[in-house]
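# Fold and contact review
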Amino acid sequence: MDTVSAKIDTRLYRTEITTASENVIIADEPQEVGGKNLGFNPTELLAASLASCTLITLRMYINRKQWDVSEINVKIDFERDSERNIASFTRKIEVTGVVDQIQRQRLETIANSCPIHKTLTNTIEIKTTLI
């Protein structure tokens, strides 16, 4: 994986995120908390990672199986309970195409196997160095 870099200057909360392969996205905060709402907020980026990984993983599997699926949609809701120190994602997947119940069950298993899902459901370790 390319290293992801981010930088912020004096513009409140506008953060430029880049990869070594020169992809760029902007993260920001909503206006009601002082940002300008120029991009996804950090929580939305986390949910977007799960959504995109889920869809890419499902599309790869569906293509390999040559199933007749024209579109896959996913909706992710994220809630954080600070008092109980619990974060919760709710993922709803809609598949458009010819898919029977056995295939639907398999797609649910495949969705739960996407790399971001596995990362979020296992122990996460973050090492920080201030340079």
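From a predicted model like this one, the values you see are computed outputs, not experimental measurements.

## Describing a nonpolar patch on the surface
- Among the surface-exposed residues, Ile8, Leu12 and Tyr13 lie close enough to one another that they form a single nonpolar patch of about 300 Å² accessible area.
- Looking at the secondary structure, you find Leu12 in the loop between β1 (4–8) and β2 (15–19).

## Overview of unusual backbone geometry
- At Tyr13, a position not held by glycine, the phi torsion is positive, near 70 degrees.
- By the element assignment, Tyr13 lies in the loop between β1 and β2.
- A positive phi angle, close to 60 degrees, is found at Gln66, a residue other than glycine.
- Along the chain, the position of Gln66 falls in the loop between α1 (42–65) and β4 (69–81).

## Observations regarding helix α2 (residues 101–111)
- Gln103, Leu107, Ile110 and Ala111 are the residues of α2 that are buried. Seen along its axis, α2 keeps its buried residues to an arc of 95 degrees; they face one direction. Within α2, the exposed residues directed more than 90 degrees away from the buried face are Gln101, Ile102 and Glu108.
- Packed against the buried residues of α2 are α1, β5 (86–97) and α3 (115–120).
- For α2, the side-chain oxygen to backbone nitrogen distance between the N-cap and Ile102 is 3.1 Å, and the N-cap itself is Asp100.

## Looking at the environment of Ser52
- Mapped onto the secondary structure, Ser52 falls in helix α1.
- C-alpha separation for the pair Ser52 and Ser70, spaced 18 residues apart in sequence, amounts to 17 Å.
- A distance of 3.3 Å separates a polar atom in the side chain of Ser52 from the backbone oxygen of Ser49.

## Considering the pattern of salt bridges
- Taken as a whole and judged by the stated rule, the model has four salt bridges.
- Ionic pairing is found between Arg11 and Asp9, a salt bridge with its closest N-O pair at 2.7 Å.
- A salt bridge links Lys127 to Glu125, with the nearest nitrogen and oxygen atoms 3.4 Å apart. One exposure class covers both Lys127 and Glu125, and it is exposed.

## Quick word on the side chain of His117
- By the secondary structure assignment, His117 is in helix α3.
- A relative accessible area of 17% means that His117 is categorised as buried.
- When sequence neighbours within four positions are dropped, the list of residues in contact with His117 reads Leu50, Arg91, Ala111 and Asn112.

Parameters and conventions
- Residues numbered from 1 in each chain as written.
- Predicted model: local features only at pLDDT ≥ 70, side-chain atom pairs only at ≥ 80, totals over all residues.
- Heavy atoms only, no water.
- Patch = residues over 30% accessible without salt bridge, like charges linked within 9 Å, V, L, I, M, F, W, Y side chains within 5 Å.
- Areas by Shrake-Rupley, 256 points an atom, 1.4 Å probe, with all protein chains shown as cover.
- Salt bridge = Lys/Arg side-chain N within 4 Å of Asp/Glu carboxyl O.
- Helix = DSSP H or I, 4+ residues; strand = E, 2+ residues; numbered from the N terminus.
- Buried < 20%, exposed > 50% of the residue type's maximum accessible area, 1.4 Å probe, protein only.
- Arc of directions from axis to C-beta.
- Contact = heavy atoms within 4.5 Å.
- Polar contact = N/O pair within 3.5 Å; in protein donor to acceptor, adjacent residues only side chain to side chain.

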